[in-house]
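# Commentary on secondary and tertiary structure
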Amino acid sequence: MRAAFPDFRLGSVLATSFTGTLSERHGSAVERIPVPGRLVDWLAVYGLAVDSCTTAQLGLARELRESIHAAATAAAIQDALPAAAVRTINDRSARGRAAAILTPEGERRWRLGPDSRVEDALGVIAADAISVISGERDGRLALCASPTCRAAFFDTSRSRTRKWCDMNTCGNRQKKARFHAGRRESTASAD
Ligand SMILES: [Zn+2]
């Protein structure tokens with residue numbers, strides 16, 4: 001049954017990968033966490049395994065997701081941050097009970113609260129969003145150049161000139177569109 005759900009688009013930045021669970025916001029939107037079980041799957045991929053997820057918790061996750069999307073978009077275009085979005089992000093950050101753990105190998109892991117609640121995982125995502133939006137991390141928030149996407153992404157390339165949220169999807173599609181447009185043009189000029 002699970003194969004019937006849309007694939008995840010996995011990026012390296014937690015907060016913006018989370019906003020990417022709803023893609024093509026300005027086209028035919030694709031909801032990649034349509035049921036609580038898919039949020040559980042997504043969190044596990046990012047080392048935030050939770051015991052269970054209710055419909056209400058999925059609702060909290062989506063509310064946080066859209067708040068991060070709104071705040072990150074505003075930050076990318078240097079607009080004022082929407083107050084309601086900031087409130088939601090701060091609220092979720094404050095309610096999480098995860099602890100950062102240093103492994104013997106020197107890696108950071110997250111240890112969620114004693115019953116590994118969705119709220120704890122959302123707290124980690126909210127804190128990640130805060131570090132990205134506040135500009136304290138090395139990188140630049142930008143909006144995807146695809147007109148049907150416009151996702152906020154975090155550009156950590158050295159030149160800070162990344163145009164697409166994801167090379168394999170938006171970037172590739174744009175390249176193909178340009179290729180076909182080029183072919184049409186050369187056919188037209190040959191006539
Ligand atoms: Zn995109």
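Residues numbered from 1 in each chain as written. Predicted model: local features only at pLDDT ≥ 70, side-chain atom pairs only at ≥ 80, totals over all residues.

### A closer look at the UniProt feature "domain: Zinc finger CGNR" (unreviewed entry) in the chain
Mapped onto this numbering, the UniProt entry annotates "domain: Zinc finger CGNR" (unreviewed entry) at residues 140-181. Measuring from the first to the last C-alpha atom of residues 140-181 gives 31 Å, for a span that is 36% helix and 19% strand. (UniProt positions renumbered as here; feature names shortened; annotations may be inferred. Helix = DSSP H or I, 4+ residues; strand = E, 2+ residues; numbered from the N terminus.)

### Section: helix H5 (residues 118-133)
Across its 16 residues, H5 extends 22 Å between first and last C-alpha, which sits within 8% of the 22 Å expected from 1.5 Å per residue. For H5, the tally of buried residues reaches 14 of 16 residues, placing the bulk of the element in the interior. Two residues or fewer past H5, glycine 135 is found with a positive phi of approximately 80 degrees. (Expected span 1.5 Å × (residues − 1). Buried ≥ 20, exposed ≤ 12 C-beta atoms within 10 Å, placed from the backbone.)

### Some remarks on the pairing of strand S4 (residues 108-111)
Of the pairings in the sheet, the one linking strand S3 (residues 99-102) to S4 comprises four bridges and is antiparallel in character. Looking at the pairing, alanine 99 lines up with arginine 111 of S4. If you look at the hairpin formed by S3 and S4, you'll find five residues sitting between the two strands, and glycine 106 has a positive phi there, around 85 degrees. (Pairing = 2+ DSSP bridges.)

### Concerning unusual backbone geometry
The backbone phi angle of glutamine 78 is positive, close to 55 degrees, even though this residue is not glycine. Along the chain, the position of glutamine 78 falls in the loop between helix H3 (55-76) and helix H4 (83-95). Overall, the presence of 7 C-beta atoms within 10 Å leaves glutamine 78 in the exposed class. A positive phi is found at arginine 150, a non-glycine position, where the angle reads about 55 degrees. Examined against the element boundaries, arginine 150 turns out to sit in the loop between strand S5 (140-143) and strand S6 (152-155).

### What to know about the nonpolar core
Counting 42 residues, the largest nonpolar core has Ala72, Ala121 and Ile125 as the members making the most contacts within it. Looking at this core, the elements that each hand over two or more residues are helix H1 (14-19), helix H2 (36-45), H3, H4, H5, S5 and S6. In terms of residue count, the dominant contributor to this core is H5 (ten residues). (Core = buried A, V, L, I, M, F, W, Y, C linked by C-beta atoms within 7 Å.)

### Looking at H2
Residues Leu39, Val40 and Leu43 constitute the buried set of H2. Buried residues in H2, looked at end-on, bunch into an arc of 105 degrees, giving them a common side. Exposed side of H2, more than 90 degrees from the buried face: Ala44 and Val45 are the residues found there. Residues of H2 that are buried sit in contact with H3 and H5. (Arc of directions from axis to C-beta. Contact = placed C-beta atoms within 7 Å.)

### Some points on the packing of H3 against H5
Running from amino to carboxyl end, H3 crosses H5 at an angle of 0 degrees, the nearest separation of the two axes being 11 Å. The pairing of H3 with H5 is recorded here as roughly parallel in orientation. Packed against H3, whose contacting residues are Gln57, Leu60, Ala61, Leu64, Ile68, Ala71, Ala72 and Ala75, the element H5 presents Val118, Leu122, Ile125, Ala126, Ala129, Val132 and Ile133 at the interface. Counted by class, the contact of H3 with H5 contains 14 nonpolar, one polar and no charged residues. (Axes fitted to C-alpha atoms, helices over the stretch in contact; angles between N-to-C directions. Parallel < 35°, antiparallel > 145°, perpendicular 65-115°, else oblique. Nonpolar A, V, L, I, M, F, W, Y, C, P; charged D, E, K, R; others polar.)

### Some remarks on the environment of glycine 123
Within the fold, glycine 123 resides in helix H5. A residue is classified by how many C-beta atoms lie within 10 Å of it, and glycine 123, with 24 of them, is buried. For the pair glycine 123 and alanine 94, spaced 29 residues apart in the sequence, the C-alpha separation amounts to 6.8 Å. Not counting the four nearest positions on each side in its chain, glycine 123 is found in contact with Arg92, Ser93, Arg95, Gly96, Arg97 and Ala98.

### A look at the packing of H4 against H5
Axes are the key here: two packed helices are described by the angle between their axes and the distance separating the axes. For the pair H4 and H5, the least separation of the axes is 7 Å and the interaxial angle reads 130 degrees. Comparing the axis directions of H4 and H5 gives the class oblique. As for the relative orientation of H4 and H5, their crossing is left-handed in sense. Contact residues: Ile89, Arg92, Ser93 and Arg95 in H4; Glu119, Leu122, Gly123, Ala126, Ala127, Ala129 and Ile130 in H5. By residue class, the composition of the contact of H4 with H5 is six nonpolar, two polar and three charged. (Left-handed = near helix turned anticlockwise from the far one by under 90°.)

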